[in-house]
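# Working through the structure, step by step
Each chain, letter by letter, is given below.
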Amino acid sequence: MRIARSLLAACVLAFAIAVALAAPAAASTPIAKKLGFTCPFPLIGLQKLDVEIKASFEVPSAPGGTFTTADLAVAVTVPDKSTRGLALVGAASIEGTASAGVTLANGSLTLPLALPLTVAKTAVPASGPFTTNASGSVPPVQLPNAGKTTLTIGNFSTRLTPKKANGSATGLGSFTSDCTLDPGQDPVLLSFDLGSPAAHDYGVTGSTTLKALGATAPLSGAFAVPSFSPAFDRTRAEFKVFGFVPGTADLQFTPDGPQTGELGDGFVAHAKLALAVPQVTLFGLPVADAGCRASAPIPVDLRTGPGFALATGGPVTGTYAIPPLAGCGAFTAYLSSLVQGEGNTFALTLTAR
């Protein structure tokens, strides 16, 4: 019985590998790839198994599209010794579930995935080798970014049950096993460069609201996709301190380092902005040095809204926090108290040009 359990574990884990590798991959042509895994077996220790994966893939022509997997077939040949071990415990079939670990990398996006898969019921002959075949449901995956795209196989876990001809479980019951990819292999099932999307240039109109100051300043400028780079013109907010002291604050938002984002039917721009406040007045008198600025970059996600189209433009909004000011001179602390805080907004309209 101990030998039978070991052989059964080998058989089941081999089948589990097949299912675990039924993960999404993408390429413009079919692939057939073999990989070796090391699996821990009860009583007989670590064993090495080979698995063959076949599939056809369709790759989008530009970022924002999806890639799909078709004709997926994963086969493992179960050796005669494992077949005889299954027969010793009265197993007429094996079935179960698996969770495969894969990593999708698309430009700046790295997405670990755990794919729940089903081990199809497979008949077990009395002797001789037999082939187990795996299939899984692989939903389409959107690729938002231009650049190198890869899909990499990782480790996996299985939960399987051998069953007798009458459908009842054998004395082994159900058990879980884990396998790891052997070192020195290329675990990448897919690797390709996704082309750059079409460039779009927009004019910008709109406003930014400074919550703590109780003021709104008009905004104009430009915005480029897919660089996600804003170019705002200098603007001025008019406000009143204590409800009656008139004041103005000049604002200049500029990109702080490379800008990133995701592009689909619309986009999300992960902007990081420097804010300069080169002039502040109270009662018409300047009260800030020319080097007055936000003491840290301002992160803000600028998201397209309903009605936006890449070809024509549309609404874009975002919310941001202003950190304390620095370099404003003798009134730095006081001016910071007027403007710093959360809940500030951008309300923009982009127009293609």
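As a reminder, the structure under discussion sits directly above these lines.
### Considering the overall build of the protein chain
The helix and strand inventory of the protein chain stands at 3 helices and 24 strands. The buried share of the protein chain, reckoned over its 353 residues, is 46%. Within the protein chain, contacts between residues separated by at least 24 positions form 66% of all contacts whose residues are at least 6 apart in sequence. Summed over all atoms, the accessible surface of the protein chain reaches about 16,000 Å², with 57% contributed by carbon and sulfur.

### Remarks on the state of the cysteines
Scanning all chains against the criterion turns up 1 disulfide. A disulfide bridge connects C292 with C328, and the sulfur atoms are separated by 1.9 Å. Between C292 and C328, the disulfide has an S-S torsion of 65° and is therefore right-handed. Of the two residues, C292 is situated in the loop between β19 (285-286) and β20 (293-294) and C328 in the loop between β23 (325-326) and α3 (332-339); the sequence distance between them amounts to 36 residues. Residue classification places C292 among the buried positions, given a relative accessible area of 1%. For C328, a relative accessible area of 1% puts it in the buried group.

Rules used in this analysis
Residues numbered from 1 in each chain as written. Predicted model: local features only at pLDDT ≥ 70, side-chain atom pairs only at ≥ 80, totals over all residues. Heavy atoms only, no water. Helix = DSSP H or I, 4+ residues; strand = E, 2+ residues; numbered from the N terminus. Buried < 20%, exposed > 50% of the residue type's maximum accessible area, 1.4 Å probe, protein only. Contact = heavy atoms within 4.5 Å. Areas by Shrake-Rupley, 256 points an atom, 1.4 Å probe, with all protein chains shown as cover. Disulfide = S-S within 2.5 Å.

Function-wise, these values are silent; they only describe arrangement.
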